[in-house]
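These are the residues of each chain, in order.
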Amino acid sequence: MRRRLSWLGPILLAVAGPSACQSFPDPPVSFVAGLRVLGIKAEPPEVPAGATSDLTTLAVDTAGNAITATWTECFVAPLPGQTVNPDCLTGLSSSNSQAIGSGLDITVTMPQVTAESLGSPDSTGGVYFPFAAQVTNGADEVLPVYRLRLADGGSVNHNPAILSLSNTDSSGTATPLDPQSPMPVTTGQKLSLSVTVSPDSAESYVRADGTNVTEVVTTSWFCTAGELSFEKTSDAQPLTVLSLDQRLPAPGSTIDLWAVARDDRGGMDYTHRELLLQ
Amino acid sequence: MRLLGTLPALLLTVVVPPANARAASGAAVLAEAAPAFQPPRLTHFVEAKPPPMGSRTEAQVVLTIDVDEAGHVASVEVAQPAGGPGGDALDRAAVEAARQFVFEPGRADGKPVPVRITYGYKFVLKPQAPATPPASAAASAAQPGLPTVPVSGIVRKRGDRSPVEGIAAIVQVAPGDERRALTGPDGRFAFPALPVGHRTLELRGSNIVPASAPIDLHEGKALELTTFVDVKERYASTVRGRRLMLEAVEHTLVNEEIRRIPGTQGDTLKAVQNLPGVARAPFGIGLLPVWGSAPQDTRVYVDGVDIPLLYHFGGLRSTVNSEFVQSLTFVPGAYQADHGLGLGGIVEVEARRPRTDGFHGFAQMDLLDGSVMIEGPITKTVSFAVAGRRSWIDATLPLFTTSTFQLSPVYYDYQARLTWRPSPRTDADLFLFGSDDRLSLLARVKNNALDAAVASHTYFHRLAGEWARRFDQGRTLSVVASLGYDAPFGLGVQYGTVPTTIQERSLNYNTRAIGRWPLGDLLRLDGGVDFEGNRWVVDRTGSPFTVTDVVSGTSNQGVGSNGGFSGTGSGYTTDHLILYTNHVAPFAGVTLSLIGKRLTIVPQFRLQVMTFLGYQGTPEAFARGYVSPEPRLTVRYQLTPRWAVRGAIGLYAQPPDPTAFSRPFGNPFVVPEKGAQAVLGGEVDPRAGLHIEFDAFYKWLRDLVVPSETGDPVLNNDGRGRAYGAEIMVRQELTQRFFGWFVYTFSRSERQDHPDQGWYLFQFDQTHILTLILSWNLPRGFVLGGRFRYVTGDPYTPVTGAFYDSITDHYTPLNGATNSARLDAFNQLDLRVDKIFTFDRWRFSIYLDVQNVLRASNPEAVGYNYDYRISHPITGLPLLPILGVRGDF
């Protein structure tokens, strides 16, 4: 008989290690500073071979620099356990990739590939063709990848849709934030934020293990000031509290807030609001 | 140290009380051996039939007696005949009687060894009048007219009430009239008649603090006393269990030492981590990477029964209560043919038989857990022991962390043993023991890429029956059979909405039979059969393949080849594997003693047969069998009484992990991993109690199970490995004041996953491992100990970049060359203070064990921010004080 503690070790290292010793001092993933890619939206998010999809890159640079993106496609299938084969990310000049265009918004075409050539299905039963970008503001660079889901003849996935982004006050009343005008906020204020998505955002599908499941729409939150109590929300945890008590800009400045909703199969929607610090 | 040669300086003689031409039953050691060596002790004396002595009043026959490791008389020769009239008859009578003696075997370095002793068998013709008058007569002579009363008693050790043998009870009844009685093995002494009056009982002995007590003797009232004495703690070495064959390198730990090693909280089995050749596991999580092998390659046996887990969660505590441990033997490699199925070392725990001198027990508690034990005799031949432990660290751990992690480890273990000794030569034991670990953890890592919930439940239960018989001429036979049920691995990780789990269960049925047959002084045959059977059930959901460690970015090559926990990657699937593994191995060895028993050569052979049957009754069914001939050889040469050299070489094989046979997660065609090991070294005892051992080792590994390059199948046997190094251990054995260890290991361990790839450092490659342990007994029952460790940092794979996956909203690291960077070195000082309060009938102790006194910031892994641009070391606990109390009775 063999002891498998060795296997447990890395898991515990990953999970318990930081807990036992210290918390990370770094800025949280939800805090946006400098160049960031917060998501890539494909419309539609699932296409058959030969069909096209429009990719929209949600890229921001808090310094206001111009952002450019150069795209490649990669025909190297991921090995089991991988989402993307790292060989696809070894550079635009790699023989594994070929350039397909530039721009934060680009239309891509699903090549004439078979499902088998894209590796084994993931937990949702899907296989994907990867499109990688080199996003830069001239000084910094991010390598985002969008994996376009290959339609397999079953029910095709659609993007979720964010209907509103609201702040819930202490009385429990939810007030949508106006996308057209910044919401005034003060130092130390706490906002209880949530999004409402369209009822058909969470679709049903058959998972890889044969289980019939309904998608869970998860919202990732990003902001340029303050601290969020939860960086991701869903129906199970719909609220996140933005505490405006740290990383604050000068009074009179605006604070950007993004909510990016994702389903299980590559569908995405996002929205943006501004807060005005008084 | 092993002592295979003669000990000519040892002379035992018999003190003969006045009697009619008879031999006596008392014995005294005249020449004291070095503390490292304990001579055989006569436990069963046989009186010779006195032949006619003619006109002689006394005669002595000097005998040379060979006492084997079991304490039996292997041979008797007359070294110096009695001579004179009737001398031949006296010689024959002495030889005949000595052949029936039974000894407690001699020990060297705590290990039973064959010893040759010189024994003077003295015959004394009983004089007409006793040389010493009977007590009552003497009393009458001294104080005529005083009535007498019988006085008896028992002398016990303070603190645990164990009887103390060999103590002289002295009562002076008149000037020049001193009565003496000696305590027997049961601690009892008796004066048939002492004159009444106010007396003083004095207790004297070489191993006790002298004591005295007033006694009043009244006419017509017999007096029964129970007295308690302070025994000088001359620490006895832990007796190593009977080993079948000679090991080239092995370390037997001493309980009294181990209990006081800082950082171990008195845990016997945790002390293994301080021995040479053992690399340090990060966070001290209880892994045993030995001589460059993966931790799971080292096997752990309890009374010959393999167990899957030596330590509870995180290495906090061993799964077998230390009080149940009679001895612990650690063989780092090149072990002998009585064991197999592992490419690393072996740890053998010999459970202690329950005490028979009354009821005893203890209760202990500290910040980690609490444990209790009780033991004692049921009948004259049956005794029992029961122990249990349960943690409460789930309640105390939050005191030491401010993290948002919700960590809740809970463990318990239990042991129950029944021992039946129907005859002095036969032992039968029934041992039930087990361990259970549960861990639940909710990780809500806001700043990291990980967002997971982890739950783990592992356990094992064993019922073992052992029968052992010691025959004449040192022949022995022991059989142990066990039945067990395990969950050696169970883990569930929820990545977002995607569950990934592995649940492993095993029903195991094992048998070991070992026999020993000495053929004269120079040759001994050993042999037996080793069978291990398992029915594994492995249920698994997730994506296969070894994934990168989300914290350090390192892959787990060489540490485990059973896949990872990616819930978002490709290849997500499920599997239900039922696997039958039946491994049987007959083995045999010959021990040749040459050149005056200074040269010992032990050629051995193990024929390991392994079978694997999986997915029976399904289209995926497979059945495979492998035969692994494994010759091994051990040689040892005692250059001088203080110097010895040794070496060993052998072939080894171990079955792949059961999960490796999974069709979607592994490869049903994987074959056993193989290795060869060689060691060359020596040992020297510069002076009494000081041992130095040094060894150099080399290990070859091949057919290691590794992830394939194509991912289809997921695993294959392309892996290779090599490890080499040298180690030294300087060990000052316990004296009454002090003990210390100096341990240093230099090593290098490398792996190659595929023939077309390069070699890289093994994950636990640690160039320098230095451990220094010191302990002092201070006045007033205080004990102070310190441990300092310096270890080269572990290799890790640096992250060269990362890409952002928009679907999962996670960054994935891009790794550099495998294990091409190293963490900073680890250094830590631990201190421990014990205070012992000894009362007549029980003992109370309190200890403070402080780890990392200097608050060294030791990196255990590398942490990254969410996009892997910022890295920083993850350090171990800055300082961990553990306060514990314990009561023994």
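Small disclaimer: the values here were computed from a predicted structure and weren't measured.

**Quick look at the overall build of chain A**
Reasoning step 1: Within chain A one finds 1 helix and 21 strands.
Reasoning step 2: The burial tally for chain A puts 47% of its 278 residues in the buried class.
Reasoning step 3: Of the contacts made within chain A by residues no fewer than 6 positions apart, 65% connect residues no fewer than 24 positions apart.

**Some words on the environment of B:P881**
Residue and element names in this part refer to chain B.
Reasoning step 1: Relative to the helices and strands, P881 resides in strand β51 (residues 880-888).
Reasoning step 2: Using a count of 13 C-beta atoms within 10 Å as the deciding quantity, one classes P881 as partly exposed.
Reasoning step 3: On a C-alpha basis, the gap between P881 and L848 in space is 6.8 Å, while along the polypeptide they are 33 residues apart.
Reasoning step 4: Among all residues touching P881, those that are not within four sequence positions of it are L848 and V850.

**Observations regarding unusual backbone geometry**
Reasoning step 1: That bond from A:E43 to A:P44 is cis: its omega, -5°, falls within 30 degrees of zero.
Reasoning step 2: If you trace the backbone, A:P44 turns up in the loop between β1 (35-43) and β2 (46-47).
Reasoning step 3: The omega torsion of the bond from B:D712 to B:P713 falls at 0°, within 30 degrees of zero and hence cis.
Reasoning step 4: Take B:P713: it is sitting in the loop between β37 (690-707) and β38 (715-732).
Reasoning step 5: In this structure, B:L341 takes a positive phi of about 65° despite not being glycine.
Reasoning step 6: By the secondary structure assignment, B:L341 is in the loop between β21 (325-331) and β22 (346-351).
Reasoning step 7: The phi dihedral of B:Q473 falls on the positive side, at around 55°, and the residue is not glycine.
Reasoning step 8: For B:Q473, a count of 14 C-beta atoms within 10 Å corresponds to the partly exposed category.

**Let's talk about the pairing of β21(B)**
Residue and element names in this part refer to chain B.
Reasoning step 1: Along β21, 6 of the 7 residues are buried, which leaves the element largely enclosed by surrounding structure.
Reasoning step 2: Bridge count between β21 and β22: 6 bridges; the pairing is antiparallel. Across the sheet, S327 pairs through a bridge with E350, a residue of β22.

**With respect to the confidence of the model for chain A**
Reasoning step 1: Scored by pLDDT, chain A comes out at a mean of 87, with 88% of its residues at no less than 70.
Reasoning step 2: This model gives residues 1-24 of chain A a pLDDT under 50, and the stretch forms 84 contacts once residues within four places in sequence are excluded.

What counts and how
- Residues numbered from 1 in each chain as written.
- Chains lettered and ligands numbered in written order.
- Predicted model: local features only at pLDDT ≥ 70, side-chain atom pairs only at ≥ 80, totals over all residues.
- Helix = DSSP H or I, 4+ residues; strand = E, 2+ residues; numbered from the N terminus.
- Buried ≥ 20, exposed ≤ 12 C-beta atoms within 10 Å, placed from the backbone.
- Contact = placed C-beta atoms within 7 Å.
- Pairing = 2+ DSSP bridges.
- pLDDT = per-residue confidence, 0-100.

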